[in-house]
Amino acid sequence: HIIQFISERGMASAHVPPRCRLALARPRDTPGLRARTSPAASRDAPRVRSRRAVVMATPASSSDAKTDEENDKASFAIEVERKYDASSVSVETLRETVESLGGVTKGSVTFTDVYYDTPDAALAAKDTWLRARDGAWEIKVPLQGDERRSGGERSVFREVEGAGPCLRELNTALGANPEDGSSDAGTDDEAALAAAMTALGVVPFAEFTTRRAKFELDGASVDVDAASFGHAVCEVEVLCAYASQVPDAEAKVAYVAQRLGLTPLTDSGGKLETYIRRNCPTHVRVLVEAGYLKPEPARAPASKCAGG
């Protein structure tokens, strides 16, 4: 039901709901929208181009005139998200429920994610997740002092977008000077990020395509994802600008999920966690040792005879 519905709904126009006091801005090195980079290009070389606006978290009292340095510091939002069982409700039923409660259907999109790390999973060990989504760079960084279960599916992250800000976060996560490799005025942030990734040994470790049905209810995004490796999940997400807003955002996520009758995930995880468990033994080991992932329960050995 999920894949069929998403295929039939078609592509939706890009839209960012006013979930917090957020403003839209292009990266300063991007004069306009850029062409989409193919998954193969993203996999083989980390030099890709951003094709979307950056969500900038701004204080309600901020002025329109900001320096480039101030914009760089603000080029993130805090993502508060929880994942739910997509098998407990059909997409069509969810659409009817959302609209009956005053929400809206946003259409559907398809995108490809490529995740990057060192061969020994040094970023995962810091619960830090660098990806290119259809060529747009993003890195998810845990909030300081927030010790929650993760595996890339943690419920609260600081979400940083754009090649330049991602470079600084990458350097910080791997113990380098945050400004190492930063581009000078007039040069390409993405070229600098590509060079740094090569120097630090950061390479692709996961790639998959997702078909997403998009809804909005009570200021929260509600997405149903069907991944190309055969896993589906429902996500409820609220973005906020400051850590002090996280409790209210978490309460809104829970409230919207309750209104929709969604069931929290138990045995299965989100897309990336499931992909990692199936395909990335080094990452599983590192994440379990760090306490970000729960070990998989021991399975009883299969019987070797028909009667036993």
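Before any of the text, the structure's been laid out above.
The notes below deal with the structure included here. Computed from a predicted model, the values in this text were never measured in an experiment.

Here we look at the packing of aromatic side chains
So, step 1. Here the structure, examined in full by the defined rule, presents six aromatic pairs.
So, step 2. With 5.4 Å between their ring centres and 75 degrees between their planes, Phe229 and Tyr275 make a pair best called edge-to-face. Highlighted residues: Phe229 in the loop between strand 9 (220–227) and strand 10 (232–240) and Tyr275 in helix 9 (residues 271–279), separated in sequence by 46 residues. In this pair, the class of Phe229 matches that of Tyr275, namely buried.
So, step 3. An aromatic cluster is defined as three or more aromatic residues linked by ring pairs; in this entry it consists of Tyr115, Phe205, Phe208, Phe229 and Tyr275.

Re the pairing of strand 5 (residues 129–133)
So, step 1. Burial analysis of strand 5 places five of its five residues in the buried class, which makes it a mostly covered element.
So, step 2. Residues Trp129, Arg131 and Arg133 line one face of strand 5 and the alternating positions Leu130 and Ala132 line the opposite face, and both faces are buried.
So, step 3. Of the pairings in the sheet, the one linking strand 4 (residues 104–117) to strand 5 comprises four bridges and is antiparallel in character. Paired with Val114 across the bridge in strand 5 is Ala132.
So, step 4. Relative to strand 6 (residues 136–142), strand 5 is paired through five bridges, and the arrangement is antiparallel. Counterpart to Trp129 in the pairing with strand 6 is Lys140.
So, step 5. Between strand 5 and strand 6, which pair antiparallel and follow one another directly, the connecting turn spans two residues, one of which, Asp134, has a positive phi of 50 degrees.

Structural notes on the environment of Phe229
So, step 1. Along the sequence, Phe229 and Thr209 sit 20 residues apart, while their C-alpha atoms lie 8.2 Å from each other.
So, step 2. Not counting the four nearest positions on each side in its chain, Phe229 is found in contact with Phe208, Lys271, Thr274, Tyr275 and Arg278.

Thoughts on the side chain of Asp117
So, step 1. Examined against the element boundaries, Asp117 turns out to sit in strand 4.
So, step 2. Nearest to the buried, unbridged Asp117 among oppositely charged side chains is Lys126, at 9.9 Å.
So, step 3. Of note is the side chain of Asp117, whose polar atom sits 3.3 Å from the backbone nitrogen of Ala122.
So, step 4. Those residues in contact with Asp117, other than ones at most four positions away along the chain, are Ala122, Leu123, Ala124, Gly201, Val202, Val203, Phe205 and His283.

Quick word on unusual backbone geometry
Peptide bonds are trans in most cases, and residues, glycine excluded, mostly fall at negative phi.
So, step 1. A positive phi angle is found at Ala121, which is not glycine, with a value near 65 degrees.
So, step 2. On the basis of relative accessibility, which here comes to 0%, the residue Ala121 falls in the buried class.
So, step 3. One non-glycine residue with positive phi stands out, namely Asp127, at about 55 degrees.
So, step 4. Looking at the element boundaries, Asp127 is found in the loop between helix 5 (122–125) and strand 5.
So, step 5. The class of Asp127 is buried, set by a relative accessible area of 0%.

Regarding the packing of helix 9 against helix 10 (residues 281–290)
So, step 1. Here helix 9 crosses helix 10 at 115 degrees, and the two axes come no closer than 6 Å. Classed by the angle they form, the pair helix 9 and helix 10 counts as roughly perpendicular. Like other packed secondary-structure pairs, helix 9 and helix 10 cross with a definite hand, here left-handed. Residues Ile276, Arg277 and Asn279 of helix 9 lie in contact with helix 10, whose contacting residues are Pro281, His283, Val284 and Leu287.
So, step 2. Residue classes in the contact of helix 9 with helix 10 are distributed as four nonpolar, two polar and one charged.

What counts and how
Residues numbered from 1 in each chain as written. Predicted model: local features only at pLDDT ≥ 70, side-chain atom pairs only at ≥ 80, totals over all residues. Heavy atoms only, no water. Phe/Tyr/Trp six-rings, centres within 6.5 Å; stacked < 30°, edge-to-face > 60°. Helix = DSSP H or I, 4+ residues; strand = E, 2+ residues; numbered from the N terminus. Buried < 20%, exposed > 50% of the residue type's maximum accessible area, 1.4 Å probe, protein only. Pairing = 2+ DSSP bridges. Contact = heavy atoms within 4.5 Å. Lys, Arg positive; Asp, Glu negative; His and termini not counted. Salt bridge = Lys/Arg side-chain N within 4 Å of Asp/Glu carboxyl O. Polar contact = N/O pair within 3.5 Å; in protein donor to acceptor, adjacent residues only side chain to side chain. Axes fitted to C-alpha atoms, helices over the stretch in contact; angles between N-to-C directions. Parallel < 35°, antiparallel > 145°, perpendicular 65-115°, else oblique. Left-handed = near helix turned anticlockwise from the far one by under 90°. Nonpolar A, V, L, I, M, F, W, Y, C, P; charged D, E, K, R; others polar.

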